[in-house]
Amino acid sequence: MYSSTEVAYREVKERILTGALPGGELISEGEIATDLGMSRTPVREAFLRLEVEGWMRLYPKRGALVVPIPPAEAEHVVHARYVVETGAVRAVIAHERSALIAELHVSLDQQRELAVAADFDRFAVADTDFHRAYVVAAGNPLLTGFYDSLRERQRRMNSAALHCGSTDTARIIEQHTRLAHLIEIGDAAGFATALVDHMSGVHQLEMRGL
């Protein structure tokens, strides 16, 4: 069982990642405490932890500001993902990969179901998991560990893109299907090109130098 502080931390962080608490919003300990049915103390401790992690900025007697996604951070995350994902795929295609392809197709089926249901929060998680699958399949725990360090920021970016209406789930699924096919046929160069098109479109970024 989690402590009250841990419950508050997990709940508030989840709301930030899904966009339920959007960047730029000022919230108070009191309103979160009331919403969660707990005292202000664990919420205050959770806010402090979230500030240390960079998700919030605290202002005494005013509240806590949910830190927006900085444009430079979005670009840095996407570039880091590109390096990791293309490296992972080059390693993956050198080995038998039928199990990975089957996993990617299961993920695609799930994405289609979530798209029909317009469940954008779970779709954002499924999107993140799709990409992570081939990173894990590369079999390099250091690579996977670094990729996972980007996971929460990647998920928040995905949720933001989906909720603002700038991203079409059908288009994402079409592009994911293309990426899975390129892994299946062992086309690392084609995968790298398709990945640039995919990520630059989803996040409305110009991926310079790639």
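Check the entry above for the structure.
Residues numbered from 1 in each chain as written. Predicted model: local features only at pLDDT ≥ 70, side-chain atom pairs only at ≥ 80, totals over all residues. Heavy atoms only, no water.

Colleague: Run through unusual backbone geometry, naming residues and quoting values.
Modeller: Phi is positive for lysine 61, which is not a glycine, with a value near 70°. Along the chain, the position of lysine 61 falls in the loop between strand E2 (56–59) and strand E3 (63–66). Although it is not a glycine, alanine 118 sits at a positive phi angle of roughly 55°. Mapped onto the fold, alanine 118 is located in the loop between helix H5 (98–116) and helix H6 (120–137). (Helix = DSSP H or I, 4+ residues; strand = E, 2+ residues; numbered from the N terminus.)

Colleague: An account of the pattern of salt bridges is needed here, citing residue identities and associated values.
Modeller: One pass over the full model with this rule turns up 17 salt bridges. With a shortest N-O distance of 2.9 Å, glutamate 174 and arginine 171 are connected by a salt bridge. Taken together, the residues glutamate 174 and arginine 171, both in helix H9 (residues 169–185) and 3 residues apart, mark about one turn of the helix. When salt bridges that share partners are traced, they join Glu6, Arg10, Lys13, Arg49, Glu53 and Glu152 into one network. (Salt bridge = Lys/Arg side-chain N within 4 Å of Asp/Glu carboxyl O.)

Colleague: Give me the lowdown on the pairing of E3, citing residues and values where you can.
Modeller: Note: strand E1 (residues 26–27) against E3, 2 bridges, orientation antiparallel. Across the sheet, the residue bridging to leucine 26 is leucine 65, located in E3. Across 4 bridges, the pairing between E2 and E3 is antiparallel. Looking across to E3, one finds that methionine 56 is bridged to valine 66. Joining the antiparallel neighbours E2 and E3 is a turn of 3 residues, in which lysine 61 adopts a positive phi near 70°. (Pairing = 2+ DSSP bridges.)

Colleague: So what's going on with helix H3 (residues 40–52)? Which residues, and what values?
Modeller: With 13 residues, H3 should reach 18 Å at 1.5 Å per residue; the first-to-last C-alpha distance of 19 Å fits that figure. For H3, the complete set of buried residues consists of Pro42, Val43, Ala46, Phe47 and Leu50. Angularly, the buried residues of H3 cover 140° about the axis, an arc narrow enough to put them on a single face. Immediately downstream of H3, the backbone of glycine 54 shows phi near 90°, a positive value. (Expected span 1.5 Å × (residues − 1). Buried < 20%, exposed > 50% of the residue type's maximum accessible area, 1.4 Å probe, protein only. Arc of directions from axis to C-beta.)

Colleague: Got a sec to walk through the packing of H9 against helix H10 (residues 188–202)? Specific residues and values, please.
Modeller: Where H9 meets H10, the closest approach of the two axes is 9 Å, and the angle between their N-to-C directions is 165°. As summarised for this structure, H9 and H10 are arranged roughly antiparallel, according to the angle between their axes. Considering how the two elements wind past one another, H9 and H10 form a crossing that is left-handed. Side by side, H9 and H10 meet where Ile172, Gln175, His176, Arg178, Leu179, Leu182 and Ile183 of the first sit next to Gly190, Phe191, Ala194, Leu195, Asp197, His198 and Val202 of the second. Of the residues belonging to the contact of H9 with H10, the class tally is 8 nonpolar, 4 polar and 2 charged. (Axes fitted to C-alpha atoms, helices over the stretch in contact; angles between N-to-C directions. Parallel < 35°, antiparallel > 145°, perpendicular 65-115°, else oblique. Left-handed = near helix turned anticlockwise from the far one by under 90°. Contact = heavy atoms within 4.5 Å. Nonpolar A, V, L, I, M, F, W, Y, C, P; charged D, E, K, R; others polar.)

Everything listed here is a matter of geometry and, on its own, says nothing about what the molecule does.
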